[in-house]
Amino acid sequence: MKAKLTPFTVLETVTEYTRFYDLPAPLHPLLTVLDLQATHQQPIDVIPPAVLTPVIQQFYLISLKQGLGKAAIRYGHTSYDFNEGVLSFLAPGQGCWLANAASAEELVEIFESLKGWSVLVHPDLLSKYPLGQKIMRYGFFSYATNEALHLSAAEEATLNQLIDTIRAEVERPIDLFSQDVLVAQIDLLLTYADRFYHRQFVTRRTAESNREPDSLLMRFESRLVAHFAQPGEHSIPTVQELADELNVSTAYLSDMLRTLTGQNTQQHIHQALIEKAKRLLMVTSASVNETAYQLGFEYPQYFSRLFKKKTGMTPAEFRLSMQIASS
């Protein structure tokens, strides 16, 4: 029997996210900082439908949330209690949604008491920087993490000060240094988060079990990341190959992925492939054809067709747009 699928809404860009939740438009197309308390200054009678909608976002989301009380948030594939201030992390392709609440009245009360901040960072902002490669090595972006990061008062103050700096930079007029400064500040934010993460778990093991489908999702993600981290030319992994490596059928693997992430196996492969292609186009001088061969395409036109379908641009147009944006 197939698993019941969650009706996800997929948000591809930072702008789509702010429009979906009726938030202020971002001042930068690839990054925004949201004040969670400022998003609900006026009293409300009912929770906006968007808040109750399961969402998958295709960008990084770092949030410090407080005041959710009795509600639990479904983060990745685990529910979290946000009674106290905690830091949570979502990578592209993951998502979150409210998992439970006792009543509509309590939901309204919880929503109005919510405070904290969220930083949304699109992968394209990081593509030409070392952080574009380093970011997915942070454990707190992985499905292997079954806890959000609880902060001390001093740690929270440190991050709040850094968020104020990032917000101020976003509000400045864009100049030749804007992107470098923003990426450096995001890098510092994640470095602090990594320090606090290891402080939290240094004396206890991550609450990882061998249960399915949690363990299976973690192993799938690990194999896909490892495959596209290989240097030089290599073949594109197939759904059958990945299923065989994980000792499950292709149907079971895709059902599990759709249930937990809203995307099937092939979509995950394409997403990883496009992200690797973007990095190669940004940081190497290889031609589009050479890039296609390195990624495992036998015919470069297939690569160009897939890239345009997923990004709205040909590989050459994407490379040119990134060069213009950084000049």
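In this report, the structure presented in the accompanying data block is examined. What you see is a predicted model; the values in this text were computed from it and never measured.

1. Some points on the overall build of the protein chain
Within the protein chain, the regular secondary structure consists of 13 helices and 10 strands. Of all 327 residues assigned to the protein chain, the portion counted as buried reaches 47%. Expressed as a percentage of contacts within the protein chain between residues at least 6 apart in sequence, the contacts between residues at least 24 apart total 74%. A total accessible area of about 16300 Å² is found for the protein chain, and carbon and sulfur atoms account for 54% of it.

2. Considering the nonpolar core
If you look at the biggest cluster of nonpolar residues, it comprises 35 residues, and the most contacted ones within it are L87, W117, F141, I166 and L190. Elements with a minimum of two residues in this core: strand 2 (31–35), strand 4 (60–66), strand 7 (86–90), strand 9 (115–121), helix 3 (123–126), helix 5 (153–171) and helix 6 (178–201). Per element, the largest residue contribution to this core is 8 residues, and it comes from helix 6. The contact partners of W117, leaving out residues within four places of it in the chain, are L34, L36, I62, S63, L64, L87, L159, N160, I163 and L189. Judged by nonpolar contacts, the second largest core, of 30 residues, contains L224, V288, F297 and F303.

3. Points about helix 5
Between its terminal C-alpha atoms helix 5 stretches 27 Å, which fits the 27 Å expected from 19 residues at 1.5 Å a residue. Along helix 5, the positions that sit buried rather than exposed are E155, E156, L159, L162, I163, I166, E169 and V170. Viewed along the axis of helix 5, the buried residues span an arc of 140 degrees, placing them on a single side of the element. Turned more than 90 degrees off the buried face of helix 5, the exposed positions are A153, A154, Q161 and E171.

Thresholds, definitions, all that
Residues numbered from 1 in each chain as written. Predicted model: local features only at pLDDT ≥ 70, side-chain atom pairs only at ≥ 80, totals over all residues. Heavy atoms only, no water. Helix = DSSP H or I, 4+ residues; strand = E, 2+ residues; numbered from the N terminus. Buried < 20%, exposed > 50% of the residue type's maximum accessible area, 1.4 Å probe, protein only. Contact = heavy atoms within 4.5 Å. Areas by Shrake-Rupley, 256 points an atom, 1.4 Å probe, with all protein chains shown as cover. Core = buried A, V, L, I, M, F, W, Y, C linked by side-chain atoms within 4.5 Å. Expected span 1.5 Å × (residues − 1). Arc of directions from axis to C-beta.

Distances and angles like these do not, on their own, reveal function.
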